[in-house]
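Spelled out, the chains give:
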Amino acid sequence: MRWLLFLVLVFAVLWYIRGIEEEPPPKAEDSFIGGPVKALRKAESFEKTYLDATEEQKKKMEEQLEKDSEG
């Protein structure tokens, strides 16, 4: 009988603990490493812009090469 009471109490405590909502972890930008993460995000956008510009330049060069080879 004591074991049954003990198990009921344990399950009640576990059920209560499960019901407590955990605080969600902070975003990386809001934590102590926020500065470097923001710098990486900025560099990421710069890299994308640079790669897009490089691709555009490559297309222009190919078009110019096609024009020159036709004429």
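Refer to the structure above for everything that follows.
To start, this report covers the structure provided alongside it.

**Thoughts on the overall build of the protein chain**
Thought 1: Helix and strand counts for the protein chain come out as two helices and zero strands.
Thought 2: Taking 71 residues into account, the globule formula puts the C-alpha radius of gyration at 11 Å, and the protein chain, at 30 Å, lies well above it.
Thought 3: With the C-alpha coordinates of the protein chain rotated into their principal frame, the extents come out at 100 × 30 × 15 Å.
Thought 4: Counting the 71 residues in the protein chain, one finds 3% classified as buried.
Thought 5: Summed over all atoms, the accessible surface of the protein chain reaches about 7500 Å², with 64% contributed by carbon and sulfur.
Thought 6: Counting 11 positive and 15 negative side-chain charges, the protein chain places the averaged centre of each group 8 Å from the other.

**What to know about a nonpolar patch on the surface**
Thought 1: A cluster of nonpolar side chains, namely Trp3, Phe6, Leu7, Phe11 and Leu14, defines an oily patch on the protein surface of about 620 Å² accessible area.
Thought 2: Tracing the chain through its elements places Trp3 in helix 1 (residues 2-19).

**Focus on the packing of aromatic side chains**
Thought 1: Taken as a whole, this structure holds one aromatic pair when the rule is applied.
Thought 2: Ring plane angle 90 degrees and centroid distance 6.3 Å describe the contact between Trp3 and Phe6, whose orientation is recorded as edge-to-face. In this pair, Trp3 and Phe6 both sit in helix 1, three residues apart, roughly one turn of the helix.

**Describing helix 1**
Residues that lie three or four places apart on an α-helix share one face, since the helix turns once every 3.6 residues.
Thought 1: For helix 1, which comprises 18 residues, the first-to-last C-alpha distance of 26 Å matches the rise-based estimate of 26 Å (1.5 Å per residue) to within 8%.
Thought 2: With zero of its 18 residues buried, helix 1 lies for the most part at the surface.

**Re a negative patch on the surface**
Thought 1: Residues Glu55, Glu56, Glu62, Glu63, Glu66 and Glu70 make up a contiguous surface patch of negative charge.
Thought 2: Residue position: Glu62 is located in helix 2 (residues 34-70).
Thought 3: Since its relative accessible area comes to 42%, Glu62 is described here as partly exposed.

Definitions and limits used
- Residues numbered from 1 in each chain as written.
- Predicted model: local features only at pLDDT ≥ 70, side-chain atom pairs only at ≥ 80, totals over all residues.
- Heavy atoms only, no water.
- Helix = DSSP H or I, 4+ residues; strand = E, 2+ residues; numbered from the N terminus.
- Rg over C-alpha atoms; globule rule 2.2 N^0.38 Å.
- Buried < 20%, exposed > 50% of the residue type's maximum accessible area, 1.4 Å probe, protein only.
- Areas by Shrake-Rupley, 256 points an atom, 1.4 Å probe, with all protein chains shown as cover.
- Lys, Arg positive; Asp, Glu negative; His and termini not counted.
- Charge placed at Lys NZ, Arg CZ, Asp CG, Glu CD.
- Patch = residues over 30% accessible without salt bridge, like charges linked within 9 Å, V, L, I, M, F, W, Y side chains within 5 Å.
- Salt bridge = Lys/Arg side-chain N within 4 Å of Asp/Glu carboxyl O.
- Phe/Tyr/Trp six-rings, centres within 6.5 Å; stacked < 30°, edge-to-face > 60°.
- Expected span 1.5 Å × (residues − 1).

So far we have only geometry, and geometry alone does not tell us how the molecule works.
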